[in-house]
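The chain contents come next:
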Amino acid sequence: MKLAMIGYGQAGGKILDKFLEYDQRHGSNIVRAALAVNTAKADLMGLQHVPEENRVLVGQSRVKGHGVGADNELGAEVAEEDIDEVMSAMDDVPAHEVDAFLIIAGMGGGSGSGGGPVVARHLKRIYTEPVYALGVLPSSDEGGIYTLNAARSFQTFVRETDNLLVFDNDNWRNAGESMQGGYDAINQEIVDRFGLLFGAGEVEHGGEVAESVVDSSEIINTLSGGGVSTVGYASETIEREDTGLLSRFRGNGGGDDSLDAAQTTNRVTSLVRKATLGRLTLPCEVNGVERGLLVMAGPSKYLNRKGIERGRKWMEEQTGSMEVRGGDYPLRSAGEVSSIVLLSGVTDCARIKQLQQVAIEAQDNIDEIRDESDHNLDNLVNDGQDELEPLF
Ligand SMILES: Nc1nc2c(ncn2[C@@H]2O[C@H](COP(=O)(O)OP(=O)(O)OP(=O)(O)O)[C@@H](O)[C@H]2O)c(=O)[nH]1
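Residues numbered from 1 in each chain as written. Predicted model: local features only at pLDDT ≥ 70, side-chain atom pairs only at ≥ 80, totals over all residues. Heavy atoms only, no water.

### Side note on the nonpolar core
Right, on to step 1. Formed by 64 residues in total, the largest nonpolar core has its most connected members in Met90, Ile103, Leu123 and Met296.
Right, on to step 2. When residues of this core are assigned to domains, at least three map to each of domain 1 (3–199) and domain 2 (227–344).
Right, on to step 3. Contacts of Met296, omitting those with residues within four sequence positions, involve Val268, Leu271, Val272, Leu303, Ile308, Gly327, Asp328, Tyr329, Val337, Ser338 and Ser339.
Right, on to step 4. One finds Leu134, Ile190, Leu223 and Leu293 within the second-largest nonpolar core, a separate group that totals 45 residues. (Core = buried A, V, L, I, M, F, W, Y, C linked by side-chain atoms within 4.5 Å. Buried < 20%, exposed > 50% of the residue type's maximum accessible area, 1.4 Å probe, protein only. Domains from an automatic or database assignment. Contact = heavy atoms within 4.5 Å.)

Here it is, written out as structure tokens:
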């Protein structure tokens, strides 16, 4: 699937940078256009793979290149004011060559959280291609303001995009890790998962022909209908036969082809289960999901139609949806077989409800403190008997 990606804000820019690195390393050619947008100059300068001419600094007259300081209303305002600059940077994108737009943003901050949905709205007005967002939720220990930002941005992104793919930092936090080291690993995880998903719709040059290849239209159809999506992933290493080792993935059966086929089928279906019931990018209840897509990736001899078909049927039972697509993504030189599961139209998600609850509490607290602020300051500054007077 060919995407025009817009990384908005610090998290958005860093993840976009990683997508470009992924593309170079895998030759997957998913990112047809890359644009980094930010209100902070330093964040744009820190990017390594986004070409300099594709970096847009917005809100300069308001925040002087220093960011909006987690104020996402301000983030939305400056995006609206400077939208012409962002849209004209998209002018060079050959729209007929891209299948969709993808806006990437951390929803807990200010710039991407507020500006991302604004860009989505304008892209949707101009282009006929779908506009998706990859929104990152802050971890629950980040505090009230980030949670409030995320809850409001989440609502806005869902309204303004054709689908919001969510990645929850909370689900991927490792205790004891530095923030920076942690984010690097998390960003790699994001790019590996979504890279495989979006790469599935792109047949490699001179690559293997899949038994039932996943086309970008199947990704688009799974995402169509809007709402919120989550992605599951599981993989198993294969030991190369040319090193003289038997494949762990195919089992130790060796000579017996039919036994191998049965084992391959079983392993494929087991990977589908692990991907669906394991760690999702947004934890949610699988039952009740509206649409699903299963992609099996790896060297084609390790993929089989029967396994994918069984996995797909199993997903239908788990979700209760009859709209589950499936196919393979042959990767000749991959060292593992992977299963990627896209669940679209999730509705039962305790994490979002909990986030909204904390956001409401934070909002009430902020309003209360603001209301009392003048009175409390007055109490502090004045002596009570009006005996003291200011100088002038
Ligand atoms: N996964 C991931 N999340 C990040 C990263 N950096 C920041 N975040 C998350 O994104 C939120 C903050 O968003 P940023 O992108 O830093 O903020 P911004 O859009 O640049 O906005 P301002 O800094 O307020 O101008 C944080 O609450 C984190 O949850 C990153 O590199 N990876």
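So that's the structure; there's more coming.
### Re the domain arrangement of the protein
Right, on to step 1. Domain boundaries assigned for the protein yield domain 1 (3–199) and domain 2 (227–344).
Right, on to step 2. The straight-line distance from the C-alpha centre of domain 1 to that of domain 2 is 29 Å.
Right, on to step 3. At the interface, 17 residues of domain 1 touch 20 residues of domain 2.
Right, on to step 4. Considering only the surface of domain 1 that becomes buried against domain 2, Arg193, Leu196 and Leu197 emerge as the three largest contributors, covering 39% of it. (Buried area = accessible area lost by both parts, 1.4 Å probe.)

### Quick look at the pattern of salt bridges
Where charged atoms from two side chains of opposite charge approach closely, those side chains can pair.
Right, on to step 1. Counting across every chain of the model gives 18 salt bridges.
Right, on to step 2. Here Glu189 makes a salt bridge to Arg193, at a shortest N to O gap of 3.3 Å. Placement of both Glu189 and Arg193 in helix α8 (residues 179–199) is noted, with a separation of 4 residues, approximately one turn of the helix.
Right, on to step 3. By relative accessible area, Glu189 is classed as partly exposed at 24%.
Right, on to step 4. Note that Lys313 is salt-bridged to Glu309, the shortest N-O span being 3.6 Å. Taken together, the residues Lys313 and Glu309, both in helix α11 (residues 305–319) and 4 residues apart, mark about one turn of the helix.
Right, on to step 5. Of the residues examined, Lys313 reaches a relative accessible area of 44% and is grouped as partly exposed. (Salt bridge = Lys/Arg side-chain N within 4 Å of Asp/Glu carboxyl O. Helix = DSSP H or I, 4+ residues; strand = E, 2+ residues; numbered from the N terminus.)

### A word on the pairing of strand β10 (residues 336–344)
Residues in a regular strand project their side chains so that they alternate between the two faces of the sheet.
Right, on to step 1. Most of β10 is tucked away, with 8 of its 9 residues classed as buried.
Right, on to step 2. Of the pairings in the sheet, the one linking strand β7 (residues 228–237) to β10 comprises 9 bridges and is antiparallel in character. Looking across to β10, one finds that Glu236 is bridged to Val337.
Right, on to step 3. Alignment of strand β8 (residues 291–298) against β10, held across 7 bridges, turns out to be antiparallel. Paired with Val295 across the strands is Ile340, a residue of β10. (Pairing = 2+ DSSP bridges.)

### Quick look at the site of the ligand
Right, on to step 1. Taken together, 23 residues are adjacent to the ligand, and Ala11, Ala70, Ser111, Glu142 and Asn187 come closest.
Right, on to step 2. For the ligand, an oxygen atom lies 2.7 Å from a polar atom in the side chain of Ser111.
Right, on to step 3. Burial of the ligand by the surrounding chains reaches 91%, relative to a free accessible area of 650 Å².
Right, on to step 4. Taken together, the elements giving at least two residues each to the shell around the ligand come down to α1 (9–26), α6 (111–126) and α8. (Near = heavy atom within 4 Å. Polar contact = N/O pair within 3.5 Å; in protein donor to acceptor, adjacent residues only side chain to side chain. Areas by Shrake-Rupley, 256 points an atom, 1.4 Å probe, with all protein chains shown as cover.)

### Details of helix α9 (residues 216–223)
Given 3.6 residues per turn, any residue in an α-helix points the same way as the ones three and four places further on.
Right, on to step 1. For α9, the full list of buried residues reads Ser216, Glu218, Ile219, Thr222 and Leu223. Looking straight down α9, one finds its buried side chains confined to an arc of 160°; they lie on one side.
Right, on to step 2. Just downstream of α9 lies Gly225, where phi reads positive at about 100°. (Arc of directions from axis to C-beta.)

### Here we look at the UniProt feature "binding site: GTP" (unreviewed entry) in the protein
Right, on to step 1. Per the UniProt record, the feature "binding site: GTP" (unreviewed entry) sits at Gln10, Ala11, Gly12, Gly13, Lys14, Gly110, Ser111, Gly112, Glu142, Asn169 and Asn187.
Right, on to step 2. Structurally, Gln10 is set in helix α1.
Right, on to step 3. The residues contacting Gln10, other than those within four sequence positions of it, are Asn38 and Asp43.
Right, on to step 4. Of note, Asn169 is situated in the loop between β6 (163–168) and α8.
Right, on to step 5. Take Asn169: its relative accessible area is 9%, and that puts it in the buried class.
Right, on to step 6. In this structure, Asn169 is in contact with Val136, Leu137, Pro138, Ser139, Glu142, Tyr183 and Ile186, ignoring residues within four places of it in sequence. (UniProt positions renumbered as here; feature names shortened; annotations may be inferred.)

### Quick word on the environment of Gly288
Right, on to step 1. With respect to the helices and strands, the residue Gly288 is situated in the loop between α10 (257–277) and β8.
Right, on to step 2. Distance in space between the C-alpha atoms of Gly288 and Asp99 is 28 Å, their sequence separation being 189 residues.
Right, on to step 3. When near neighbours in sequence (up to four residues on either side) are disregarded, Gly288 contacts Thr319, Gly345 and Thr347.

### Things to note about the pairing of strand β9 (residues 324–330)
Right, on to step 1. With respect to burial, β9 is a largely interior element, 5 of its 7 residues being buried.
Right, on to step 2. Strand direction decides the pairing type here: β8 and β9, joined by 7 bridges, are parallel. Pairing of Gly292 across the sheet is with Val324, part of β9.
Right, on to step 3. As a crossover connection, the stretch from β8 through α11 into β9 is right-handed. (Right-handed = clockwise from strand over helix to strand, strands pointing away.)

### Digging into α6
Right, on to step 1. Spanning 16 residues, α6 covers 22 Å between terminal C-alpha atoms, matching the ideal 22 Å at 1.5 Å per step.
Right, on to step 2. Along α6, 12 of the 16 residues are buried, which leaves the element largely enclosed by surrounding structure.
Right, on to step 3. By the burial criterion, the buried members of α6 are Ser111, Gly112, Ser113, Gly114, Gly115, Gly116, Pro117, Val118, Val119, Ala120, His122 and Leu123. (Expected span 1.5 Å × (residues − 1).)

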